[in-house]
Amino acid sequence: MADKFDVIVIGAGPGGYVAAIRAAQLGLKTACVEKWVNKEGKTVHGGTCLNVGCIPSKALLETSHKFVEARDHFAEIGIEVGDVSTNVAKMLEFKQQVINKNVGGISMLFKANGVTALEGAGKLLAGKKVEVTGHDGSVETYEASQVVIASGSVPVNIPPAPLTGDIIVDSSGALEFTEAPKRLGVIGAGVIGLELGSVWSRLGSEVTVIEALEEFLPSVDAQIAKEAQKLLAKQGLEIKLGAKVTGSEINGNEVEVRYADKDGEKTQAFDKLIVCVGRKPYTEKLLAGDAGVELDQRGFIKVDEQCRTSVEGVFAIGDVVRGPMLAHKASEEGVMVADIIAGHKAQMNYEAIPSVIYTSPEVAWVGKTEQQLKAEGVDYKVGTFPFSANGRALANNASEGMAKVIADAKTDRVLGVHILSQHAGELVAQGVIALEFGSSAEDLALTCFAHPTTSEAIHEAALAVDGHAIHMA
Ligand code: FAD
Ligand code: NAI
């Protein structure tokens, strides 16, 4: 038997690496096992988020956005740049540099905080032992007082469109196209479909998004979703709702996709097809038969509010457990669990987790939507404010969208904040703080916001809750 640790974390994504660093900062002898290897065969930390998720997708979203700004909008504000073109190879190189910096940063933080990085696949055995199979096949077993599982998730595959690795790809493949495909099909108008669909549309692809549901972004506030749908369509994304993919066939260098909508069966040919219909928890070869950790029917590790599994002293966090599959949710659970292990009282507020879709403009929200409140029978009031009436948004030449504050009709407590705008993902943090602090719409309305900032739209929306936005007729 090798070393004994206070805490062993399995998985070094944003859930696991944060849990490990926090545990070490709290004085616990901590190890983190990671099996992800990059193309060079080197173990890399950061999981889905840093390697093939949040970070690389945002690098491509930013570069493709800058391209569109330069090509279509610089002239509007008096910057003449002539013909603007893209160099996708250089964009991919930039994306890789961004990944490398982030990933390298985690390994450095492990060293700085004294986290032992164990390289290989971790398997939980009975009695809180963790077996680690190294990349060279060597096997070592470690003991821990407490174990944190943070093994993440993987994309869902669907039988009508099996991945081929070159033409039919998942989100990871879609981050690696070496040029913009002429005709790009996207199955699923969810977060990945809209973000990566936007990237390649901006870089020149004709993008068709095929979505099974009739409703566009059903978990987003309906007023915001409707506006976002219009803007994305204007940018060239063709979004087919109520269209279910029934099959696909590779013909040479293209794929023919069959789908059924209200008018019957149709086919459409694409040069590339991205399948992004959701992700599922990943527990392959993770749990020994007698480990005792229970899964639910959908394969998630069963946990309580504080991420305790069915085995005492074994926690699970992030995408592998219930709740939104978001990096910041995984990380906050990591902090909570490390604090609990160190003997502190800790709890997470699952009602105040923000969501952001990084399209242009961005869609960001926290708390309840109008449709949720209606379904729950809650009496509420709403204030909205358009960015077209916000001075800074106009100066930024980015005045699409709106801010919306929803408050309880009786108590005035803020129940939801919904934003469609440039940098909505940054602005929504103000809504998160309002929800977290249990503030009222009046609290927001009586707060002094800097001028000129796009944040003022939130202030105005809060004022509008009681009908008194200043810059609205
Ligand atoms: P992961 O990041 O999946 O990490 C799990 C880690 O565990 C992996 O490194 C894996 O190799 C390792 N592992 C698994 N099993 C074992 C084992 N047995 N032994 C050793 N190691 C193991 N979320 C956001 O909040 N914002 C975004 O903008 C965003 N963009 C995204 C874009 C894309 C294209 C994708 C695919 C996802 C995006 N997400 C985003 C989601 C985000 O990446 C996940 O919610 C987040 O990574 C979950 O963190 P995690 O630590 O639970 O799991
Ligand atoms: P998603 O759940 O966001 O969207 C999947 C979409 O596919 C849904 O609209 C669903 O109705 C549709 N769908 C399912 N089966 C289908 C079929 N057979 N035919 C047509 N449509 C079908 O999942 P997505 O986009 O794959 O992303 C996975 C997760 O990754 C997200 O839920 C999110 O948690 C995370 N993520 C977060 C991001 C962010 O925070 N900005 C960015 C990207 C991913």
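From a predicted model like this one, the values you see are computed outputs, not experimental measurements.

## Topic: the overall build of the protein chain
When you go through the protein chain residue by residue, the secondary structure sums to 13 helices and 22 strands. Expected size for 473 residues packed as a compact globule is a radius of gyration near 23 Å; at 24 Å, the protein chain falls within 12% of this value. Over its C-alpha atoms, taken along the principal directions, the protein chain stretches across nearly 70 × 60 × 45 Å. A separation of at least 24 residues holds for 62% of the contacts in the protein chain among residues at least 6 apart in sequence. In the structure as shown, the protein chain presents an accessible area of about 21,800 Å², 51% of it carried by carbon and sulfur atoms. Across the protein chain, the centroid of the 44 positively charged side chains sits 3 Å from that of the 61 negatively charged ones.

## Thoughts on the sheet that holds strand β21 (residues 402-408)
Remark on secondary structure: sheet strands pair via backbone hydrogen bonds, oriented parallel or antiparallel. Taking strand neighbours across the sheet as the criterion, the 5 strands line up as β18-β19-β22-β21-β20 in an open arrangement whose pairing is antiparallel. In this open sheet, the two strands that pair with only one neighbour each are β18 (355-357) and β20 (380-386). This sheet shows a mean twist of 10 degrees between the axes of neighbouring strands, independent of strand direction. Relative to strand β19 (residues 362-367), β18 is paired through 3 bridges, and the arrangement is antiparallel. Of the residues in β19, the one forming a bridge with Ser355 is Trp365. Sheet contacts for helix α13 (residues 456-465): β20, β21 and β22 (414-421); angle to β20, the most-contacted strand, approximately 140 degrees.

## A few points about the nonpolar core
With 38 residues, the main nonpolar core has Leu194, Phe216, Val220, Ile239, Ile274 and Val363 as its most contacted residues. Looking at this core, the elements with two or more residues in it are α3 (54-73), α4 (88-113), β9 (183-187), α6 (191-202), β10 (206-210), α7 (222-234) and β19. Residues within four places of Leu194 in sequence aside, it is in contact with Ala189, Phe216, Leu217, Leu232, Leu237, Ile239, Ile357 and Thr359. Within the second largest apolar cluster, 34 residues are counted, among which are Ala24, Val44, Val115 and Cys307.

## Focus: unusual backbone geometry
Residue Pro361 is bonded to the preceding Ser360 through a cis peptide linkage, with omega at 0 degrees. Of note, the amide linkage connecting His451 to Pro452 takes the cis form, showing an omega dihedral of -5 degrees. Positive phi values are uncommon outside glycine, yet Leu217 reaches one of about 45 degrees. When you line up the elements, Leu217 lands in the loop between β10 and α7. By relative accessible area, Leu217 is classed as buried at 10%. A positive phi angle, near 55 degrees, is found at Asn397, a position not held by glycine. Within the element layout of this structure, Asn397 appears in the loop between α10 (391-395) and β21.

## Considering the site of ligand 1
Not every one of the 39 residues close to ligand 1 is listed here, only the nearest: Glu34, Thr48, Lys58, Gly122 and Ala327. Cys49 places a polar main-chain atom, nitrogen or oxygen, 3.4 Å from an oxygen atom of ligand 1. Contact between ligand 1 and Ala150: an oxygen atom at 3.4 Å from a main-chain N or O atom of the residue. Within the complex, the protein chains bury 94% of what would otherwise be the 1,000 Å² of accessible surface of ligand 1. Among the elements that make up the shell around ligand 1, the one with the highest residue count is helix α2 (residues 47-52) (4 residues). Residues of the shell around ligand 1, tallied by class, amount to 18 nonpolar, 16 polar and 5 charged.

## Observations regarding the site of ligand 2
Residues in close proximity to ligand 2 total 20 residues, the closest being Glu195, Glu211, Gly278, Met325 and Val356. The contact in question runs from a nitrogen atom of ligand 2 to an N or O atom on the side chain of Glu195, over 2.8 Å. Summarising the interface, the protein chains cover 76% of the accessible area of ligand 2, which totals 840 Å² for the free molecule. Top contributing element to the shell around ligand 2 by residue count: α6, with 3 residues. Among the residues forming the shell around ligand 2, the class breakdown is 13 nonpolar, 3 polar and 4 charged.

## Section: the sheet that holds β9
Spatially, the 5 strands line up as an open sheet ordered β8-β15-β9-β10-β11, and their pairing is parallel. The open sheet is flanked by β8 (168-169) and β11 (238-240), the only strands paired with a single partner. Sheet topology note: the β9/strand β15 (residues 272-275) ladder contains 4 bridges and is parallel. Within the sheet, the bridge partner assigned to Val186 lies in β15 and is Ile274.

## Comments concerning the environment of Phe437
Mapped onto the secondary structure, Phe437 falls in the loop between α11 (424-436) and α12 (441-445). Take Phe437: its relative accessible area is 68%, and that puts it in the exposed class. In the structure, Phe437 is positioned 252 residues away from Gly185 in sequence and 43 Å away in space, judged by C-alpha atoms.

## Section: the layout of surface pockets
What the second largest pocket holds in volume is close to 1,100 Å³. Taken together, 37 residues make up the lining of the second largest pocket; nearest its centre are His65, Glu69, Arg202, Ser360 and Pro361. For the lining of the second largest pocket, the secondary structure elements donating two or more residues are α3, α4, α6, α7 and α11. For the lining of the second largest pocket, the leading source of residues is α3, giving 11 residues. Residue composition of the lining of the second largest pocket, grouped by class: 10 nonpolar, 15 polar and 12 charged.

## Some points on the packing of aromatic side chains
What describes a pair of aromatic rings is the distance from one ring centre to the other and the angle between the planes of the rings. As enumerated under the stated definition, the model contains 2 aromatic pairs in all. Judged by centre distance (6.1 Å) and plane angle (50 degrees), the rings of Phe5 and Tyr142 are tilted. Here the residue Phe5 occupies a position in strand β1 (residues 4-10), and Tyr142 occupies one in strand β6 (residues 139-149), the gap between them amounting to 137 residues. According to the relative accessible area criterion, Tyr142 is buried, its value standing at 13%. A centroid spacing of 5.3 Å and a plane angle of 55 degrees characterise the contact between Phe177 and Trp200, whose relative ring orientation is tilted. Of the two residues, Phe177 sits in the loop between α5 (171-174) and β9 while Trp200 sits in helix α6, which places them 23 residues apart along the sequence. Of the two residues, Phe177 and Trp200, both sit in the buried class. The ring of Phe5 carries the charged tip of Lys29 above its face, separated from the ring centre by 5.1 Å.

Each value, and the rule that gives it
Residues numbered from 1 in each chain as written. Chains lettered and ligands numbered in written order. Predicted model: local features only at pLDDT ≥ 70, side-chain atom pairs only at ≥ 80, totals over all residues. Heavy atoms only, no water. Helix = DSSP H or I, 4+ residues; strand = E, 2+ residues; numbered from the N terminus. Rg over C-alpha atoms; globule rule 2.2 N^0.38 Å. Contact = heavy atoms within 4.5 Å. Areas by Shrake-Rupley, 256 points an atom, 1.4 Å probe, with all protein chains shown as cover. Lys, Arg positive; Asp, Glu negative; His and termini not counted. Charge placed at Lys NZ, Arg CZ, Asp CG, Glu CD. Pairing = 2+ DSSP bridges. Axes fitted to C-alpha atoms, helices over the stretch in contact; angles between N-to-C directions. Core = buried A, V, L, I, M, F, W, Y, C linked by side-chain atoms within 4.5 Å. Buried < 20%, exposed > 50% of the residue type's maximum accessible area, 1.4 Å probe, protein only. Near = heavy atom within 4 Å. Polar contact = N/O pair within 3.5 Å; in protein donor to acceptor, adjacent residues only side chain to side chain. Nonpolar A, V, L, I, M, F, W, Y, C, P; charged D, E, K, R; others polar. 1 Å grid on protein atoms, 1.4 Å probe; cavity = no way out; pocket = protein on both sides within 12 Å on 5 of 7 lines; lining within 4 Å. Points joined across faces, edges and corners; volume = space filled by probe spheres on them. Phe/Tyr/Trp six-rings, centres within 6.5 Å; stacked < 30°, edge-to-face > 60°. Lys NZ or Arg CZ within 6 Å of the ring centre and 35° of its normal.

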